[in-house]
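Each chain, letter by letter, is given below.
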Amino acid sequence: MASAFTHAFSALALGSLFKTTYSKWYYWMWGMICAVLPDADVLAFRYGIPYDHVLGHRGITHSFFFAVFFAAFVAILFFRKNTIFSSSWWRTWFYLFLCTASHGILDALTTGGLGVAFFAPFDNSRYFFPDEYRRLVVSPIGVKHFFGAWGVRVLKSEFLWVWIPCLVIMVVGFVKARLSR
Ligand SMILES: [Zn+2]
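The structure presented is a predicted model; accordingly, all values stated were derived computationally and were not measured.

If you tally the helices and strands in the protein, you get six helices and zero strands. From first element to last, N terminus to C terminus, the protein shows the α and β order α-α-α-α-α-α. Relative to the globule expectation of 16 Å for 181 residues, the C-alpha radius of gyration of the protein, 17 Å, shows essentially globular dimensions. For the protein, with 181 residues in total, the buried portion stands at 36%. Across the protein, contacts joining residues at least 24 apart in sequence account for 65% of those joining residues at least 6 apart.

See below:
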């Protein structure tokens, strides 16, 4: 995994590119939930489900299939002001989909663990991006190991390779919003 902070921050950056009829904090909160939630699959370890199982860590909850359906689930249940399948609904769905899918993409850029089952449940192979792009120091599973030298190395790499590009995206989103007013 990348750290939960970085997954959430990516959702904020993506959110800055979209127009919404909802208040920004509500919209961003759901984006952040979508971006962080795939790691709920670490519970699988507690139930003895192996890492490389389709229900294991970085398995189905990290797939594009999950992102499509989870984004629809959230858009239907928590964005009821939007008529389902209207253009504002699709825009919200797309934002939530990108946030959820961004999770697996960031994980596939990390240096450790098993790869991401992007195409589960149809194909349970695990994928990473090519080694030259895997610059994110993998985050420890569980909070205990995060506070220490390992956590610092994780945050340093994420700041450089995720936070800075996200800040650039946010500035672009802000300028775009200003120009379209
Ligand atoms: Zn993950």
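Attention now moves to the nonpolar core. Of all hydrophobic cores here, the largest spans 38 residues; its most connected members are A11, C34, A71, V74, L96, F97 and C99. Those elements giving two or more residues to this core turn out to be α1 (4-15), α2 (24-36), α4 (64-78), α5 (87-107) and α6 (149-179). In contact with A71, not counting residues within four places along its chain, are C34, W93, L96, F97 and T100.

Quick look at the packing of α4 against α5 now. Running from amino to carboxyl end, α4 crosses α5 at an angle of 135 degrees, the nearest separation of the two axes being 8 Å. Between α4 and α5, the angle is such that the two are oblique. Note on packing geometry: the crossing formed by α4 with α5 is right-handed. Two secondary-structure elements touch here, α4 through F64, F66, A67, V68, F70, A71, A72, V74 and A75 and α5 through W89, T92, W93, L96, F97, T100 and A101.

For an α-helix the count is 3.6 residues per turn, leaving residues at separations of three or four pointing the same way. Taking 1.5 Å per residue, 15 residues should reach 21 Å; α4 reaches 21 Å between its end C-alpha atoms and fits that length. Within the span of α4, buried status applies to F66, A67, F70, A71, V74 and A75. On an axial view of α4, the arc spanned by its buried residues comes to 150 degrees, and they lie on one face. Pointing more than 90 degrees away from the buried face of α4 are the exposed residues F69 and L77. On the buried face of α4, the contacting elements are α2 and α5.

About the cut-offs
Residues numbered from 1 in each chain as written. Predicted model: local features only at pLDDT ≥ 70, side-chain atom pairs only at ≥ 80, totals over all residues. Helix = DSSP H or I, 4+ residues; strand = E, 2+ residues; numbered from the N terminus. Rg over C-alpha atoms; globule rule 2.2 N^0.38 Å. Buried ≥ 20, exposed ≤ 12 C-beta atoms within 10 Å, placed from the backbone. Contact = placed C-beta atoms within 7 Å. Core = buried A, V, L, I, M, F, W, Y, C linked by C-beta atoms within 7 Å. Axes fitted to C-alpha atoms, helices over the stretch in contact; angles between N-to-C directions. Parallel < 35°, antiparallel > 145°, perpendicular 65-115°, else oblique. Left-handed = near helix turned anticlockwise from the far one by under 90°. Expected span 1.5 Å × (residues − 1). Arc of directions from axis to C-beta.

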